[in-house]
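Descriptive structure summary
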Amino acid sequence: MQEIAPGVYVNLDFRGCNVGLIETADGNILIDTPMIPSESRRWLEYIRQITGNKKILYVINTDHHRGHVLGNQYYDAPVIAHDLAWKNMRGYGANFCQRVVDSFKREPKIQAELADLRIVRPTITFDTRMDIEHGGRTVRLIHVGGHTEATIVIWMPEEKILFAGDTVWWDQHPYMAQANSKQWLDALRQIRKLHPQIIVPGHGPLTTVEATEPLSAYIRFVRRQVRIRIRRGYSKQETASSLVKTLVPMFSVTPERRGKIESQIKQAINRVYNEYKKDAEADDIDEDVDKDAVPEEVEAVDQEVEDGATEDEARIEEEFSEDDSRSVDDDSHRGDEFNDEDDDDDDEDDDEDEDEDDIDSEEIDD
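Rules and cut-offs
Numbering of residues starts from 1 in each chain and follows the order in which that chain's sequence is written. Whole-chain, interface and lining totals are the exception, using all residues; otherwise, since this is a predicted model, local features are given only for residues with pLDDT of at least 70 and side-chain atom pairs are given and counted only at 80 or more. Only heavy atoms go into the side-chain values, all of them from the structure, while hydrogens and water stay out. Put simply, DSSP marks the helices as runs of H or I at least four residues long and the strands as runs of E at least two long, and each gets a number from the N terminus on. The rule is simple: take the accessible area with a 1.4 Å probe, protein chains only, and divide by the maximum for that residue type; under 20% is buried, over 50% is exposed, in between is partly exposed. For accessible areas, the Shrake-Rupley method is used with a probe of radius 1.4 Å. Any residue's cover is judged against the shown protein chains and nothing else. Orientation is described by axes fitted as lines to C-alpha atoms, over the contacting stretch for helices, and by angles from 0 to 180 degrees between their N-to-C directions. Reported orientations rely on four angle classes, namely roughly parallel under 35 degrees, roughly antiparallel over 145, roughly perpendicular from 65 to 115, and oblique for the rest. In a left-handed crossing the near helix is turned counterclockwise from the far helix by less than a right angle, and in a right-handed crossing that turn is clockwise. Any two residues whose heavy atoms approach within 4.5 Å at even a single point are treated as in contact. The nonpolar class holds Ala, Val, Leu, Ile, Met, Phe, Trp, Tyr, Cys and Pro. Asp, Glu, Lys and Arg form the charged class, and all remaining residues, Gly among them, are polar. Strands were regarded as paired on the criterion that DSSP finds at least two bridges between them. Within this scheme, the nonpolar core is defined by two criteria: the residues are buried Ala, Val, Leu, Ile, Met, Phe, Trp, Tyr or Cys, and they are joined through side-chain atoms within 4.5 Å.

Digging into the overall build of the protein chain
- Along the backbone of the protein chain there are 11 helices and 12 strands.
- In the protein chain, which comprises 366 residues, the proportion classed as buried is 57%.
- With the model as given, the accessible surface of the protein chain reaches about 15,800 Å², and the carbon-plus-sulfur share is 44%.

Remarks on the packing of helix α7 (residues 212-231) against helix α8 (residues 236-247)
- Between α7 and α8, the shortest axis-to-axis distance is 10 Å and the interhelical angle comes to 150 degrees. In terms of axis orientation, α7 runs roughly antiparallel to α8. Here α7 and α8 pass one another in a crossing that is right-handed. Here Tyr 218, Phe 221, Val 222, Gln 225, Val 226 and Arg 229 of α7 lie close against α8, whose contacting residues are Thr 239, Ser 242, Leu 243, Thr 246 and Leu 247.
- Grouping the amino acids of the contact of α7 with α8 by side-chain chemistry returns six nonpolar, four polar and one charged.

Details of the sheet that holds strand β7 (residues 124-126)
- One open sheet accounts for seven strands, arranged β1-β2-β3-β4-β5-β6-β7; its pairing is mixed. The open sheet has two free edges, formed respectively by β1 (2-5) and β7, since each of these has just one partner strand. Strand-to-strand twist across the sheet, computed as the mean angle between neighbouring axes with direction ignored, equals 25 degrees.
- Bridge analysis of strand β2 (residues 8-11) against strand β3 (residues 19-23) gives four bridges, and the strand direction is antiparallel. Bridge assignment links Val 8 to a residue of β3, and that residue is Ile 22.

Notes on the nonpolar core
- Grouped together as the largest cluster of nonpolar side chains are 40 residues, with contacts concentrated most on Tyr 218, Val 226 and Leu 247.
- Filtering out sequence-adjacent residues up to four positions away, Val 226 remains in contact with Thr 239, Leu 243, Ile 269, Val 272, Tyr 273 and Tyr 276.
- Counting 21 residues, the second largest nonpolar core, distinct from the first, contains Ile 4, Ile 22, Ile 132 and Leu 141.

Nothing here speaks to function; it is all geometry.
Following this line, the structure appears as structure tokens:
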């Protein structure tokens, strides 16, 4: 646990997600909860050591993924989340709990801990924004979507601290299987306008607002390359096959995790592909315009220019566009293995993966 401002603490060591504690004169506000029961109990003990017998006023979930919500049952406090988090968690019944337990089949000790898993759903929800005023603190909950439809951030305007949940990833590939990539770009622009001094991401070390730039560049790059391939008639499977290896080096990946990361990237590509197909956006070339950013002319694979990228976004996109141009122009991979029947089956599997209540999401990582 570390104190990042007077009375504001984070723990970055638990599995599932980073968690936060905001101490007020009236009691404590918790942000997300550890996924593993023994870690939730340890977090509660840390809180008691720091704040004594102060009651827990609220638990805030930044989204409905299991890495953020499974520990809710260990804190005797109302849970706050977005309306859509409640809607998603409404379906977390006995089957969901069993699948959570089964996902730890290689860790029998954790399976035993989860034997009494009980889902505690939000009892307080909001739509766009909610302000909590307690004990001299202002804690502002803002719905941003993007990572999931229910994703929120928690802003402390006086302290200039942002608990970003899974909206900000800076040292690893973002998990996008349930994302709306266009909405995610809007969320990152909104974060930059807040000018936070400290960002607590959902995973990984503390960071600053500068971390949003490479993430925006990454999402823009994925969107652009998917759009190019759709225009050229690529199927979803062909799009993923031609693009995955280009995306892997954009964040550091250890050899033992490469296979899992490639699968995660494929889910991201499939999700963006579905966005374009669903919304009929493939013919819009000027959609990702950031009105507040410095325009940069970055030549895309098909010689189109995407306006609105900041310098850092432009640099990252330019870095990888040259390598990707070779793969997109090489149609040799489009062989018989991409027949329509196989592609239809793959699409069905991918859609199932994207709609999973995140049993196979990033939160299960060791």
